[in-house]
Amino acid sequence: MKAHKKIYIICLMFGIFMSSFAFKIDSTDFDQRIDTGGYKEFTFENNTEQTIRYKFDIKKGNSDKDMSKWVTVYPKVMNIPPLEKRVLKVHAKSPENSKVGEYSFKLVTTPLVIPTLREEKGKIVGNSTISFVPSIEMKGYVGDANFKENLLLTDSKFSLNENKKVEYSATIENKSFAGIEVGLKFVSWNGNIIDGKWIGRANSGIKEKFKFELSEKVKRIDEIKEIVIYDANSLVNIKTIKL
């Protein structure tokens, strides 16, 4: 999908920028249903040889529907020793009678400077650095988005490319009011998953074409008997399309 390619490029650039500042998080999406209580864990990694400390705050998102007051995080301050990982727990619960729809918030991660000491001309002086503050917008939703009915694959087609590799193309459409991270599994006649692909975030109202090459494990088109659409965040299957 074109939009997802743009998002991927932006995320890649952002990832490179973050890596240069030793900031590494395993996901930038929340996408949980919050009227029933949404929860997700985010893993932060310290790939440096110094301890990193972060402070977490929740701020208002860019959309008209704000959920920042309904979000809590634990811990609010995190220490990550060198070359280790720590988990941030994010929970959101909307009040009763909240309007159906998609809401947003920002996760703001502020690096807390841990002063170090060095010797300079016979004196012990402090040393610190200035860090940037990542602010990641995330979304959740109230109500039943019914992705099983509202997430569609049309114009589904397998073909062989010029290199004799199996390609798959389709149009993905999300008729629901909420976005979701989408992945596809390709299942053989005996029920084995012979390939899988992360597609990207299908925003509400999206209708876009995509195309990709399957792995070398797929030798023939007629090997594939089912396509499973799944939630790439929770890894829960959404629907199965029989071929």
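Coordinates for the structure precede this section.
Since the model is a prediction, treat every value here as computed from it, not as a measurement. (Residues numbered from 1 in each chain as written. Predicted model: local features only at pLDDT ≥ 70, side-chain atom pairs only at ≥ 80, totals over all residues. Heavy atoms only, no water.)

1. Some words on the overall build of the protein
Under the convention used in this document: Numbering of helices and strands runs from the N terminus; a helix is a DSSP stretch of H or I covering at least four residues, while a strand is a stretch of E covering at least two. Burial status follows relative accessibility: with a 1.4 Å probe on protein chains alone, a residue under 20% of its type maximum counts as buried, one over 50% as exposed, and anything between as partly exposed.
Helix and strand counts for the protein come out as two helices and 17 strands. Burial analysis of the protein (243 residues in total) assigns 40% to the buried set.

2. Comments concerning the side chain of S98
Note the cut-off: For this analysis, a polar contact is any N or O atom pair within 3.5 Å, provided that within protein one partner can donate a hydrogen and the other can accept it, and provided that sequence-adjacent residues contribute only side-chain to side-chain pairs. Working rule for contacts: check all heavy atoms of both residues, and any pair within 4.5 Å makes them a contact.
By secondary structure assignment, the location of S98 is in the loop between strand 6 (85-92) and strand 7 (101-111). At a separation of 2.7 Å, a polar atom in the side chain of S98 contacts the main-chain carbonyl oxygen of P95. Once residues lying within four places of it in the same chain are set aside, the contact partners of S98 are W70, Y103 and V142.

3. Here we look at the sheet that holds strand 17 (residues 237-242)
Just so we agree on the cut-off: Note on pairing: DSSP must find at least two bridges between two strands before they are called paired. Every angle, taken between N-to-C directions, lies between 0 and 180 degrees, and every axis is a line fitted to C-alpha atoms, over only the stretch in contact when it is a helix.
Here we have four strands laid out as an open sheet, ordered 14-13-16-17, and antiparallel in their pairing. With one partner strand each, in any of the chains shown, strand 14 (193-202) and strand 17 form the two edges of the open sheet. Put simply, the sheet's adjacent strands are angled 20° from each other on average, direction ignored.

4. Examining the pairing of strand 6
Regular strands show a simple pattern: their side chains alternate between the two faces of the sheet. Of the pairings in the sheet, the one linking strand 2 (residues 38-45) to strand 6 comprises eight bridges and is antiparallel in character. Considered in strand 6, the bridge of F44 is made with R86. Across four bridges, strand 4 (residues 71-74) lies against strand 6 in antiparallel orientation. Bridge pairing in strand 6 links V71 to A92.

5. Things to note about the environment of G205
Mapped onto the secondary structure, G205 falls in the loop between strand 14 and strand 15 (207-213). Its relative accessible area of 60% is what places G205 among the exposed residues. In this structure, the C-alpha to C-alpha distance between G205 and K175, residues 30 residues apart in sequence, is 5.3 Å. If near-sequence neighbours (up to four positions away) are discounted, G205 is found in contact with N174 and S176.

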